[in-house]
Protein chains: 2
Amino acid sequence: MPSKTRRISEFELIARYFAPLAREAAGALDLKDDAAWIESRADAQWVVTSDVLVEGVHFLPDDPAELIARKSLRVNLSDLAAKGAAAKAYLLDLVLPATHDEPWIADFVRGLAKDQVEFGVSLIGGDTASTPGPLTIAVTALGQVPTGEMLVRSRAAADDDIYVSGTIGDAALGLVVLRGGLNRLGAAAQSYLVGRYRLPEPRTVLGPKLVGIANAAMDVSDGLVADLGHICATSGLGAVIEEDLVPISPAAATALREHPALITAVLTGGDDYEILFTAPGTMASTILKLAQTLNVPLARIGRMRPGAGVEVVKADGSGREIDTPGWQHF
Amino acid sequence: MPSKTRRISEFELIARYFAPLAREAAGALDLKDDAAWIESRADAQWVVTSDVLVEGVHFLPDDPAELIARKSLRVNLSDLAAKGAAAKAYLLDLVLPATHDEPWIADFVRGLAKDQVEFGVSLIGGDTASTPGPLTIAVTALGQVPTGEMLVRSRAAADDDIYVSGTIGDAALGLVVLRGGLNRLGAAAQSYLVGRYRLPEPRTVLGPKLVGIANAAMDVSDGLVADLGHICATSGLGAVIEEDLVPISPAAATALREHPALITAVLTGGDDYEILFTAPGTMASTILKLAQTLNVPLARIGRMRPGAGVEVVKADGSGREIDTPGWQHF
């Protein structure tokens, strides 16, 4: 079924915009073929993940094309990082409304090009299609781990310490700002929080270094409590988070001083794209050293324990009620 | 941004419907993790491809869920087959309008389950999202080839014979039937043609056997002339097709007798999902034997030559004008 005619054909689109993104991947064959091959190594195996983003659901309609592109890629890079995999390549399925013209595509590709340099990945394939609906972007990313060493959610041990990288809750508060909230916060703090919502910083340097250290790991995308809940469920354990150990940015701390109720958004809001992992207590000094070497903050926030579910304990020792533990995709 | 609430959560959806599709793939971790690992082999490498299908663009809104599912998977399996790769696994990004409820999803999954058995593949990952737009399905499929042996478009040699599997044009004529045309054709012939449009039969048995035989290969999805044009362009050659050698099904032959002008639709219509390949003349008897062994019709339809572009020669030796060589994705 022929769809709307565009000023630029799919072949021109690929040749002009997407093929340059595939230049460094031999197996991508300049995107002139039906598939790509990926290298085979004796000591490593491939890890694959895919995330789809829909306009109005996962990003705002007026978000800049460059940011949408980078976010689409980065949420996948974050998954790979949390599995201990070094990202290498990705496929892009770009489903475009007629309103997204060539200049928009050029901006989108510019975003991808920037992130390819920053994260050392190449486009190796994908597809484009037109849609009468919203912009929809599916990225499938591939990374490598030492064979048999992929970090999983299910291997947490009772008594493991629980760690998280960076700070938690910024993206959730950024979304509050975008919706007109937190308007007494300074411009710099607002801008920082919105930036954390709009553009994840996947922990691609940290992730592969956690192989051999972490027992279980995942990235925080659904919200800290929900995601720790996933580790608990798959590991057959419970967990307790000490609320005052959860790392908070200065901007988030200011927001929380004004609106203490936002602590729920911080703990459950999602889109942090930090790595949540568990490790035996014997790894504490190794983890401290790693944080220093990589210059990535790593905070111990609690402990795994027998049982089920996540308990959040406030500074005064009482438990915090969490009604909706995190993002539901539907 | 929380979207519409469904009767079933994403986690239940995955556990109930999709996890069973991943049961046989150890690396899929029951779809309880953020990524999947795939096996590493010394003698083989992975081949990756991705295709996205949009309701109203690639399939009809009232097509049955089972067929949509199978088509989404099969167009990818066809790409892998044409690259000589044995399909092993796939990731599914399913973007669902609110109108597609749990019974629809159950039907969709039933279609995938059938094809997983038929083609020996497993679901290993993906994502689900809701959309205010049309149903959109992105599948990324992975297959294995002997290392360094992936079949490509660009290695046709001047003087290679050109072959195609099965029959050409059925899907294009099936679409004509669906649009109310060819109504004097018998019901059985109509049904056959529509079936060929709705449900591709990827040449998964043939494809891997062409490694070591074919110089260049691809599947026919944009239309025979356009796709041979891709082989010509990437190989830096031209090609001539002898029209009366192009294999036509009995149903298509009947349709062409009544409407000879439909020959253009047959040659350029697309959606055939047959394998188009070139091979040196010295392979002729090997190819004949292969067709017999596999019980897959393989027809020699022309020859590569120096130059550029695809010429179609009619039975009387005159050239056929082809205005629009094939499907434009936009």
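Nothing here was measured: the structure is a model prediction, and the numbers come from that model.

Caption draft 1: Geometry of the overall build of chain A. When helices and strands are tallied, chain A shows 10 helices and 12 strands. Taken over the C-alpha trace, chain A has a radius of gyration of 21 Å; the compact-globule value for 330 residues is 20 Å, and the two agree within 12%. Seen along its three principal axes, the alpha-carbon backbone of chain A occupies a region of about 65 × 55 × 35 Å. Looking at the 330 residues of chain A, the share that counts as buried comes to 61%.

Caption draft 2: How the structure looks around the sheet that holds strand 9 (residues 275-279) of chain B. Residue and element names in this part refer to chain B. The strand order across the open sheet formed by 7 strands is 7-9-6-10-8-11-12, and the pairing between neighbours is mixed. Bordering the open sheet on either side are strand 7 (216-219) and strand 12 (319-320), each of which pairs with just one other strand. Of the pairings in the sheet, the one linking strand 6 (residues 161-165) to strand 9 comprises 4 bridges and is antiparallel in character. Looking at the pairing, aspartate 161 lines up with alanine 279 of strand 9. In the packing of helix 10 (residues 284-294) onto the sheet, the strands contacted are strand 6, strand 9 and strand 10 (298-305), and the crossing angle to strand 10 comes to about 150°.

Caption draft 3: Broad picture of the pairing of strand 8 (residues 238-242) of chain A. Residues and elements named next belong to chain A. Taken across its 5 residues, strand 8 has 4 buried, putting it largely inside the fold. As paired strands, strand 8 and strand 10 (residues 298-305) are joined by 4 bridges and run antiparallel to one another. Within strand 10, the residue paired with alanine 239 across the bridge is methionine 304. Of the strand pairs in this sheet, strand 8 and strand 11 (residues 309-313) are connected by 5 bridges, and their pairing is parallel. Bridging across to strand 11, alanine 239 finds its partner in valine 310.

Caption draft 4: Quick look at the interface of chain B and chain A. Between chain B and chain A, the residue contacts involve 73 residues of the former and 73 residues of the latter. Both sides of the chain B and chain A interface together cover about 5900 Å² of buried area, and 61% of this is carbon and sulfur. Here chain B and chain A share 6 salt bridges between them. The residue aspartate 33 of chain B makes a salt bridge to lysine 83 of chain A at a minimum N-O spacing of 2.4 Å. Of all the secondary structure elements, the ones that give two or more residues to the side of chain B that touches chain A are helix 1 (10-18), strand 1 (36-38), strand 2 (44-54), strand 3 (86-97), strand 4 (122-131), strand 5 (136-146), strand 7 and helix 7 (224-235) of chain B. When residues in the side of chain B that touches chain A are grouped by element, the largest group, 10 residues, is from strand 2 of chain B. A class-by-class count of the residues in the side of chain B that touches chain A yields 36 nonpolar, 21 polar and 16 charged. As paired elements, strand 1 (residues 36-37) of chain A and strand 2 of chain B share 2 bridges and run antiparallel to each other. Along strand 2 of chain B, the bridge assignment pairs tryptophan 37 of chain A with valine 47 of chain B.

Conventions and cut-offs
- Residues numbered from 1 in each chain as written.
- Chains lettered and ligands numbered in written order.
- Predicted model: local features only at pLDDT ≥ 70, side-chain atom pairs only at ≥ 80, totals over all residues.
- Heavy atoms only, no water.
- Helix = DSSP H or I, 4+ residues; strand = E, 2+ residues; numbered from the N terminus.
- Rg over C-alpha atoms; globule rule 2.2 N^0.38 Å.
- Buried < 20%, exposed > 50% of the residue type's maximum accessible area, 1.4 Å probe, protein only.
- Pairing = 2+ DSSP bridges.
- Contact = heavy atoms within 4.5 Å.
- Axes fitted to C-alpha atoms, helices over the stretch in contact; angles between N-to-C directions.
- Buried area = accessible area lost by both parts, 1.4 Å probe.
- Salt bridge = Lys/Arg side-chain N within 4 Å of Asp/Glu carboxyl O.
- Nonpolar A, V, L, I, M, F, W, Y, C, P; charged D, E, K, R; others polar.

These figures capture arrangement, not role.
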